[in-house]
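# Residue-level structural notes
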Amino acid sequence: MLSRIYRVIVELWSGIAVVLCLSIVSLILSTLPFFAHLHISPLIIGIFLSMGISLIQFIPKTATFPLPTWQKGIGFSSKKLLRLGIVFYGFFVSLNDLQNVGLIGFSLSLGVVVLVLGIGFVLGTKLFKLDRELAILISAGCAICGAAAVLALESALRTKAFKGIIAVGTVVVFGLLGMFLYPLLFNLGVIPFDDIQEGLYMGATLYEVANVVGASNAISQEGANIALITKMIRVMLLALVLLVIPFLFDRFPENTQDLNSALESTTNSNQASQNPSQTNTHRKKTLYIPYFALWFLAVICLHSFITLPKEVIDCAKFLSVLLLTMAMCALGLQIDYRQFVHTGGSGFYFAFVLFVLVSGGGFLAVYSIT
């Protein structure tokens, strides 16, 4: 018995140690001048680093990677540590920032999140024939806060790892494209906005927080502050999305077959209550509630209404980045490239269309309301 417990502990911590080492490397690389100048976060470096390592399993006559003894720790990092990282992510957000952008900034952020999730889900499932989990993951990354939103929603929906990899990959590509394209077009005079309007536009449509920070360097400090606050409002809405989307996915089955199974399960349950000797062949799916989303919201409120020492907040922010980087690395180590190649193309085309819609729609929205 003791030997079994010891083996489980060793397998768990060995996997966590591997992920931690990759995360530390990613954090160090993110501080190098090249990556720091481009505002490339350690989360992005971590996912690409671990995806590169995962290619080892496709080299002929080599052992499967990651090693079986590391799987428990890697799985723990991609799920449990991810949720803890999302909770600490609440220290990046404050409700007090809402008053700095007013009703226009809040309405714009809310509209972007709701419309991108809704339109993206319909386009992804109907036009590009993606399964609904992949469609909503990509849409969430575009609508809210890039890779962090993908990871959080993936955990809430309990999807397969390769779907999160595809969603993160597409969001990273087009997020970086927007980060370089927006300032270029603004400085060339193609975008007819002043600094405040451009700040609203960047904050409402760019994917990652790092994308907003990088792009807003091209405008005034006041415009950059507006951009970051508007972006943070979208991040706040992540907690609500993490509660609503899993509920809707459970409430409405994916297809007719699932709906028939649910109806049949209900019928069998009623029959079994009348005839206890009869065995059900189906069980009704239990709704999974992502409680970490409630903790995330609680941390936002704590950060907003209680003054904490700066050292505590800085430590919590660092833990968030570290834990999310570990989750990214773990996700990359779990990738199945066969599944990635099979469905990645459609996801990329869908993400491109979504990028065009978000950029164009956001431009029209800011132009019309300011």
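Quantities reported herein were computed from a predicted structural model and do not represent experimental measurements. (Residues numbered from 1 in each chain as written. Predicted model: local features only at pLDDT ≥ 70, side-chain atom pairs only at ≥ 80, totals over all residues. Heavy atoms only, no water.)

### A look at the overall build of the protein chain
- Along the backbone of the protein chain there are 15 helices and 0 strands.
- A burial count over the protein chain gives 48% of its 370 residues as buried.
- If you take every contact in the protein chain between residues at least 6 apart in sequence, the share linking residues at least 24 apart comes to 79%.
- Summed over its atoms, the accessible surface of the protein chain is roughly 18200 Å², and 68% of this surface lies on carbon and sulfur atoms. (Helix = DSSP H or I, 4+ residues; strand = E, 2+ residues; numbered from the N terminus. Buried < 20%, exposed > 50% of the residue type's maximum accessible area, 1.4 Å probe, protein only. Contact = heavy atoms within 4.5 Å. Areas by Shrake-Rupley, 256 points an atom, 1.4 Å probe, with all protein chains shown as cover.)

### What to know about the packing of helix 4 (residues 71-88) against helix 13 (residues 291-305)
- Relative orientation of the contacting elements helix 4 and helix 13 amounts to 25°, with a least axis distance of 7 Å. In terms of orientation, helix 4 and helix 13 fall into the roughly parallel class. Along this stretch, helix 4 crosses helix 13, giving a crossing that reads as right-handed. Facing helix 4, whose interface residues are Arg 83, Ile 86 and Val 87, helix 13 presents Phe 292, Trp 295, Phe 296 and Val 299.
- Across the contact of helix 4 with helix 13, the residue classes tally to 6 nonpolar, no polar and 1 charged. (Axes fitted to C-alpha atoms, helices over the stretch in contact; angles between N-to-C directions. Parallel < 35°, antiparallel > 145°, perpendicular 65-115°, else oblique. Left-handed = near helix turned anticlockwise from the far one by under 90°. Nonpolar A, V, L, I, M, F, W, Y, C, P; charged D, E, K, R; others polar.)

### Concerning unusual backbone geometry
- The backbone of Lys 129 shows a phi angle near 60°, a positive value even though the residue is not glycine.
- Its location among the elements puts Lys 129 in the loop between helix 5 (98-127) and helix 6 (132-145).
- Judged by its relative accessible area of 67%, Lys 129 is exposed.
- At Arg 158, a residue that is not glycine, the phi angle is positive and equals roughly 55°.
- One can find Arg 158 in the loop between helix 7 (147-157) and helix 8 (161-187).

### Some words on the pattern of salt bridges
- This model, assessed by the stated rule, comprises 3 salt bridges.
- Put simply, Asp 131 and Lys 163 hold a salt bridge, and the shortest N to O gap is 3.3 Å. One end of the pair, Asp 131, is in the loop between helix 5 and helix 6; the other, Lys 163, is in helix 8, with 32 residues separating them in the sequence.
- When its relative accessible area of 26% is taken as the criterion, Asp 131 is described as partly exposed.
- Between Lys 310 and Asp 314 there is a salt bridge, with the nearest N and O atoms lying 2.7 Å from each other. (Salt bridge = Lys/Arg side-chain N within 4 Å of Asp/Glu carboxyl O.)

### Side note on the environment of Phe 162
- With respect to the helices and strands, the residue Phe 162 is situated in helix 8.
- A residue is classified by how much of its surface remains accessible, and Phe 162, at 11% relative accessible area, is buried.
- Separated by 173 residues in the primary sequence, Phe 162 and Ile 335 place their C-alpha atoms 5.4 Å from one another.

### Here's the deal with a nonpolar patch on the surface
- Taken together, the side chains of Leu 240, Leu 243, Val 244, Phe 247, Leu 248, Phe 252, Tyr 291, Leu 294 and Trp 295 present a nonpolar region at the surface, about 900 Å² in accessible area.
- For the nonpolar patch, the secondary structure elements donating two or more residues are helix 11 (221-251) and helix 13.
- Here the nonpolar patch takes 5 residues from helix 11, the largest share from any one element.
- We classify Phe 247 as partly exposed; its relative accessible area is 43%. (Patch = residues over 30% accessible without salt bridge, like charges linked within 9 Å, V, L, I, M, F, W, Y side chains within 5 Å.)

### Looking at the side chain of Thr 205
- Note that Thr 205 resides in helix 9 (residues 195-205).
- Thr 205 gets classed as buried once you look at its relative accessible area, which sits at 3%.
- Within polar-contact distance, the side chain of Thr 205 engages the side chain of Tyr 182 at 3.0 Å.
- In this structure Thr 205 touches Tyr 182, Arg 234, Val 358 and Gly 362, once residues within four positions along its chain are discounted. (Polar contact = N/O pair within 3.5 Å; in protein donor to acceptor, adjacent residues only side chain to side chain.)

### A look at the packing of aromatic side chains
- Summed over the entire model, instances satisfying the criterion amount to 15 aromatic pairs.
- An angle of 40° between the planes, with centres 5.3 Å apart, marks the rings of Tyr 89 and Phe 92 as tilted.
- Take Tyr 89: its relative accessible area is 10%, and that puts it in the buried class.
- Through a chain of ring-to-ring contacts, three or more aromatic side chains come together here, namely Phe 174, Tyr 207, Phe 348, Tyr 349, Phe 352 and Phe 355.
- Of note, Arg 132 hangs over the ring of Phe 249, and the distance from its end group to the ring centre comes to 4.4 Å.
- The positively charged end of Arg 251 is found above the aromatic ring belonging to Phe 252, 5.3 Å away from the centroid. (Phe/Tyr/Trp six-rings, centres within 6.5 Å; stacked < 30°, edge-to-face > 60°. Lys NZ or Arg CZ within 6 Å of the ring centre and 35° of its normal.)

### Quick word on the side chain of Ser 109
- Relative to the helices and strands, Ser 109 is located in helix 5.
- Within the structure, the side chain of Ser 109 is placed 2.9 Å from the backbone oxygen of Gly 105, a separation counted as a polar contact.
- Polar side-chain contacts of Ser 109 include one of 3.2 Å to the backbone oxygen of Thr 230.
- Ser 109 has contacts with Thr 230, Ile 233, Arg 234 and Leu 237, leaving out every residue within four places of it along the chain.

### What to know about the confidence of the model for the protein chain
- Per-residue pLDDT for the protein chain averages 82, and the proportion of residues at 70 or more is 82%.
- At the low end of the mean pLDDT range in the protein chain sits helix 12 (residues 256-274), at 41; at the high end sits helix 6, at 94.
- When the criterion is pLDDT under 50, residues 256-285 qualifies, and its contacts beyond four places in sequence or with other chains add up to 16 contacts. (pLDDT = per-residue confidence, 0-100.)

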